[in-house]
Amino acid sequence: QAVSRRLACGDVEGRLEALFGRVRAIQGKSGSFDMLLCVGNFFGSTSETEWAEYRTGAKKAPIPTFVLGANDQETVSYFPEVSGCELAENITYLGRRGLYSGTSGLQIAYLSGTESQDEPAPAYSFSAKDVAELKTSLLSTPNFKGVDILLTSPWPRDVGTFANSAGEIDTKKCGSKLVSDLAASLKPRYHFAALEKAYYERLPYRNHRVLQQTPQHVSRFIALADVGNTSKKKYLYAFSIVPMSLMDPAELVKQPQDVTENPYRKSQKEAQKTKAPLCAEEEPACQFFFDLKKHQGKKRPSDEKERGNSQPKQAKKPPQPTGPCWFCLASPEVEKHLVVSIGTHCYLALAKGGLLPDHVLILPIGHYQSVVDLSSEVVEEVTKYKSALKEFFRSKGKRYVLFERNYRSQHLQLQVIPVPLDHCTSEDIKESFIAQAQEQQIELLEIPEHSDITQVAQPGTPYFYVELDTGEKLFHRIRGRFPLHFGRSVLASEALLALPQRADWRRCAAERAEEAAQARAFRRDFQPFDFALRA
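Labelled according to an unreviewed UniProt entry, the protein appears under the name CWF19-like protein 1, originating from Haliaeetus albicilla. Of the protein, the UniProt comment under Sequence similarities (unreviewed entry) reads exactly: "Belongs to the CWF19 family."

Visitor: Can you help me understand the side chain of Q27 in this one?
Guide: Tracing the chain through its elements places Q27 in helix α1 (residues 16-30). Residues within four places of Q27 in sequence aside, it is in contact with S32, F33, P62 and I63.

Visitor: Hey, could you run me through the side chain of H217 in this one?
Guide: With respect to the element layout, H217 can be found in the loop between β13 (205-206) and β14 (218-223). Its relative accessible area of 3% is what places H217 among the buried residues. Every residue in contact with H217, bar those within four places of it in the chain, is listed here: K145, G146, K187, R189, N207, M244, L252 and V253.

Visitor: When you look at the pattern of salt bridges in this model, what are you seeing that I'm missing?
Guide: Opposite charge on two side chains permits pairing when their charged atoms draw close. Tallying each qualifying case throughout the model produces 30 salt bridges. Linking D525 and K396 is a salt bridge whose minimum nitrogen-to-oxygen distance equals 3.6 Å. Placement of the pair is D525 in helix α10 (residues 512-526) and K396 in the loop between α7 (376-395) and β21 (398-406), with a sequence separation of 129 residues. Using a relative accessible area of 30% as the deciding quantity, one classes D525 as partly exposed. The partly exposed category is assigned to K396, whose relative accessible area is 39%. The closest approach of N and O atoms between D525 and R524, which form a salt bridge, is 3.6 Å.

Visitor: Sorry if this is basic, but what is going on with the sheet that holds strand β3 (residues 65-67) here?
Guide: Picture the strands of a sheet paired through backbone hydrogen bonds; they go either parallel or antiparallel. As summarised here, the arrangement of the 6 strands in space is β4-β5-β3-β2-β1-β15, forming an open sheet in which the pairing is mixed. At either end of the open sheet lies a strand with only one pairing partner, and these are β4 (85-88) and β15 (236-241). Averaged over neighbouring strand pairs, the angle between their axes works out to 25 degrees when direction is ignored. Bridge count between strand β1 (residues 4-9) and strand β2 (residues 35-38): 4 bridges; the pairing is parallel. Residue A8 lies in a different strand from β2, and its bridge partner there is L37. On top of the sheet, helix α2 (residues 48-55) reaches β4 and β5 (91-93); it is set at about 110 degrees to β4, its chief contact.

Visitor: Looking at this structure, I do not really get the environment of G44. What am I missing?
Guide: For G44, the location among the structural elements is in the loop between β2 and α2. A C-alpha to C-alpha distance of 8.1 Å links G44 and R15, two positions 29 residues apart in sequence. Residues within four places of G44 in sequence aside, it is in contact with E13, G14, T75 and Y78.

Visitor: Explain the packing of α1 against α2 here, please?
Guide: The relative placement of two packed helices comes down to the angle between their axes together with the axis-to-axis distance. It is the contact of α1 with α2, at a shortest axis distance of 9 Å, that shows an interaxial angle of 55 degrees. Put simply, α1 runs oblique to α2. In this structure, α1 contributes L16, E17 and F20 to the contact, and α2 contributes E50, W51 and Y54. Of the residues that constitute the contact of α1 with α2, the class distribution is 4 nonpolar, no polar and 2 charged.

Conventions we followed
- Residues numbered from 1 in each chain as written.
- Predicted model: local features only at pLDDT ≥ 70, side-chain atom pairs only at ≥ 80, totals over all residues.
- Heavy atoms only, no water.
- UniProt positions renumbered as here; feature names shortened; annotations may be inferred.
- Helix = DSSP H or I, 4+ residues; strand = E, 2+ residues; numbered from the N terminus.
- Contact = heavy atoms within 4.5 Å.
- Buried < 20%, exposed > 50% of the residue type's maximum accessible area, 1.4 Å probe, protein only.
- Salt bridge = Lys/Arg side-chain N within 4 Å of Asp/Glu carboxyl O.
- Pairing = 2+ DSSP bridges.
- Axes fitted to C-alpha atoms, helices over the stretch in contact; angles between N-to-C directions.
- Parallel < 35°, antiparallel > 145°, perpendicular 65-115°, else oblique.
- Nonpolar A, V, L, I, M, F, W, Y, C, P; charged D, E, K, R; others polar.

Structure, rendered in structure tokens:
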């Protein structure tokens, strides 16, 4: 296979002797490299004297060197041609934006400058239009899978989401949203950036949605420091790469152990919201069913006959509990003073030791172990309770988060916990669940909004799932041990409700009289929304 050996470098800032001296030393020790790729500021305010020797040919770069353009007005004059040109022997300016294809078949996408809101952007910047044009030109190529390398000077905004720490750099504030959008679309195997005078090698992230798309290659983001910095931060990065076009597809999509969720998911969603609505001719998204028994993540389009809702489960008597059950409504063990609404097939009760006073449970009246086991009429009533609770909590300026843990439990409990709307967005909630799951090596996957939990879990399968009142869902198939208080701990964490002391319900138990008073207050407030009273 055509393995290319490349070097990537951060801000040179005109320190050519230092850079090329280091490159010669590396090549002397490790053999020759094919190319040096420079991101960030290639020239600095003191470049003139050193540069003159290379420009006139008195000195020559020891390796073919490719550089990005200016990031400020001061250095614009070093780049005479907008579309790229040779600046000196062995030193090439790539241009404002485009794709460089090497003889080996390696594809390198590049974008020069810093982000600008102005249209047209100044000579040292790029605009949303530049990014859109670059994306269109690449994404329209047949069978586009991604690029091998992406070069930008600014970091992509939010690159640190779901990842290892970027040290003193706050990735939520630093860098460019347009670069994030570009990286999300171009799916580079390596993305290099600079300008922050810091070295950061992010954990690899995935480019596909597990269970929804076939596996794709992972991306690695690497930010490099400035040449010759006194803190000895890494500014030169050596790597070997085989062009994507020459790789065995199975080898290309191998997922490393430390792969994380995609950091740009959120910004992509925001971008989609601001786009023009779909034109009528565009096909609607195909709904997929997932069959976890056959193959994790394999998908088959659903047709009308197979679609779950057109063939409701036949009504059947729920199985009987093997011993006393705390949640079967007919059972003497039920704490009746906590019940706040009773429907035909389900009831609502305040949670004992709730995370908040209005933390409630949706429970089936009969004995069912999980959502997957419910008959269609029970599912229908669970859905009614969900929409009544959504309306109720929204009237109080809150959104709910619902979760179920089908593991070490015998009666289905859907935990419904309200979170103030002004406190966090549904994306923040999702991000907290995914990030905290990742810390505990729990794979929490997003499942399509219109698909049903019964499509990803078989009856009897232990699982944990979260649902937001927007319909978005996260799912984890439990294969070994699972922290019993996981859902509650995430919501109690500093990032969300900031009630860490209430993560364990046993520490939150109140006196019976206090519980009864809370239930009465909830019942009174919920009355206008309670469909069971109108039945």
